[in-house]
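Architecture and fold: a report
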Protein chains: 2
Amino acid sequence: MSSSRKVVELFYDVVSPYSWLGFEVLCRYRNVWNIELRLRPSLLGGVMKESGNRPPAMVPNKAVYMQSDLNRLAKYFSVPVCFPENPFEVMFEKGSLNAMRFLTAVSEKETSGDVMLERVSREIWKRIWSNDQDITLPESLSEAGLKAGLSATEVEELLQLYKSQPVKDRLKHTTEEAVKHMAFGFPLTVCHVDGKAEAFFGSDRFELLAHCIGEKWLGPQPDKPTAKM
Amino acid sequence: MSSSRKVVELFYDVVSPYSWLGFEVLCRYRNVWNIELRLRPSLLGGVMKESGNRPPAMVPNKAVYMQSDLNRLAKYFSVPVCFPENPFEVMFEKGSLNAMRFLTAVSEKETSGDVMLERVSREIWKRIWSNDQDITLPESLSEAGLKAGLSATEVEELLQLYKSQPVKDRLKHTTEEAVKHMAFGFPLTVCHVDGKAEAFFGSDRFELLAHCIGEKWLGPQPDKPTAKM
């Protein structure tokens, strides 16, 4: 057995609240497990289209269940998910194309790991899934970037970059990679173990995921394991 | 806090392999947690129709994922799930109507708790989701009943009863109850806590479910907690 860190990729879109849960849990575990976490901003709309899937909220009972499920999970996971007033408008009409292009641009400019990508992703999630704020306009993305610690100059540069063809292509390419891993929704976590890619859909396979990579699941807050037991 | 046992209902259909996982885990925990487990055989087809949902396997990527997910979970949960040669034929063409009526009849004749219902359900699951055997013909149900420990006379009686109107009505009624709890698929576990019904879909919310009923999650095999940690 090699003792080198296992690569774990998280494919996500900020329009997906379950992705936020998965994102926070994996960010908490990146220093607990012997893993190299790679954040992969992708487009959920592209995955749904490519896979022929349809949004779970289109089934009325699923929509009702999702709200109760997310409220319970958010509390248990300590992630401040709060439903926007018009979730359908936010998810299906406004969408996340600009936000995911912006995050792809952040990733493009990243110099050390995914540090800034993690921060900006979180700030955008807070906007859409906590504070019911817009994430489609340049000023919204700018605000999130500044809150995450980017300078005004860096934000300005990203607002140019995120409209460029290479960034659009990169987002498309990452989304296609997720589809190759059989994505039909997000989050999709892909663990590379012994040369094999093991994909886990959703934010409810962490115990199994830990088992697959030879680690221990200590609950959604590994720094507070007693909260779980 | 009352120390009386919390009622936990499991709505399931033997056509659903995820239901089998949930069933085995809850049967293992019925003597570990302070719960009264009530097995509620229901019809998945009815729930899908009522809720307007469609089978997950209709999305090709989901179908591929489900197979890998179930193989991993089956191993981790120690439940011998094995895909039949023609899963589509088994799930969508042959279905489980007779089997669920038979289990409803078993439940009708049950004298002490769900003892026989648990055993016969397991034997039918073994047929469809482990041994690739038929579960639609009377002789198949008879075999499962005998293996579960029913006498030949009891099986004969059940094979009369399961075609009766009261049994058909009862299955329909149980399925409607599941839909009232917002079911859009199975398994659906409904926990009654402080006068409120908390519904959990799927076999991946046990840690959260335990938290909701004030119990501890010790992994899928509570008698072997070390296997998890």
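Predicted model only: the values in this text are computed from it and were never measured. (Residues numbered from 1 in each chain as written. Chains lettered and ligands numbered in written order. Predicted model: local features only at pLDDT ≥ 70, side-chain atom pairs only at ≥ 80, totals over all residues. Heavy atoms only, no water.)

Description of the pattern of salt bridges
All chains considered together, the criterion is met by 34 salt bridges over all chains. With a shortest N-O distance of 2.7 Å, E108 of chain A and R170 of chain A are connected by a salt bridge. Separated by 62 residues along the polypeptide, E108 of chain A in helix α5 (residues 97-109) and R170 of chain A in helix α9 (residues 165-180) bring together distant segments of the chain. Using a relative accessible area of 37% as the deciding quantity, one classes E108 of chain A as partly exposed. We classify R170 of chain A as partly exposed; its relative accessible area is 32%. The network of salt bridges with shared partners includes D69, R72, K196, E198, D204 and R205 of chain A together with D69, R72, K196, E198, D204 and R205 of chain B. (Salt bridge = Lys/Arg side-chain N within 4 Å of Asp/Glu carboxyl O. Helix = DSSP H or I, 4+ residues; strand = E, 2+ residues; numbered from the N terminus. Buried < 20%, exposed > 50% of the residue type's maximum accessible area, 1.4 Å probe, protein only.)

Regarding the interface of chain A and chain B
Taken together, the contact pairs 36 residues of chain A with 36 residues of chain B. Approximately 3400 Å² of surface area, both sides summed, lies buried where chain A meets chain B, with 56% of it carried by carbon and sulfur atoms. At the surface where chain A touches chain B, the tally comes to six salt bridges. Connecting chain A to chain B are 19 residue pairs in polar contact (both at pLDDT 80 or more). Looking at the side of chain A that touches chain B, the elements that each hand over two or more residues are α3 (60-77), β4 (196-201) and α10 (206-212) of chain A. Per-class residue counts for the side of chain A that touches chain B are 20 nonpolar, six polar and 10 charged. (Contact = heavy atoms within 4.5 Å. Buried area = accessible area lost by both parts, 1.4 Å probe. Polar contact = N/O pair within 3.5 Å; in protein donor to acceptor, adjacent residues only side chain to side chain. Nonpolar A, V, L, I, M, F, W, Y, C, P; charged D, E, K, R; others polar.)

A short note on the sheet that holds strand β3 (residues 188-193) of chain B
Strand-to-strand pairing in sheets goes through backbone hydrogen bonds, with the strands running parallel or antiparallel. Residue and element names in this part refer to chain B. Read across the open sheet, the four strands follow the order β2-β1-β3-β4; overall the sheet is mixed. What marks the edges here is a single partner per strand, and that holds for β2 (35-41) and β4 (196-201). Strand after strand, the sheet turns through a mean of 20 degrees between neighbouring axes, direction not considered. Where strand β1 (residues 6-12) lies against β2, seven bridges are found, and the strand directions are parallel. Note on β2: the bridge partner recorded for E9 is R38. (Pairing = 2+ DSSP bridges. Axes fitted to C-alpha atoms, helices over the stretch in contact; angles between N-to-C directions.)

Here we look at the pairing of β4 of chain B
Pairing analysis gives six bridges linking β3 of chain B to β4 of chain B, with the strands arranged antiparallel. Each residue of the ladder has a partner; that of H192 of chain B, found in β4 of chain B, is A197 of chain B.

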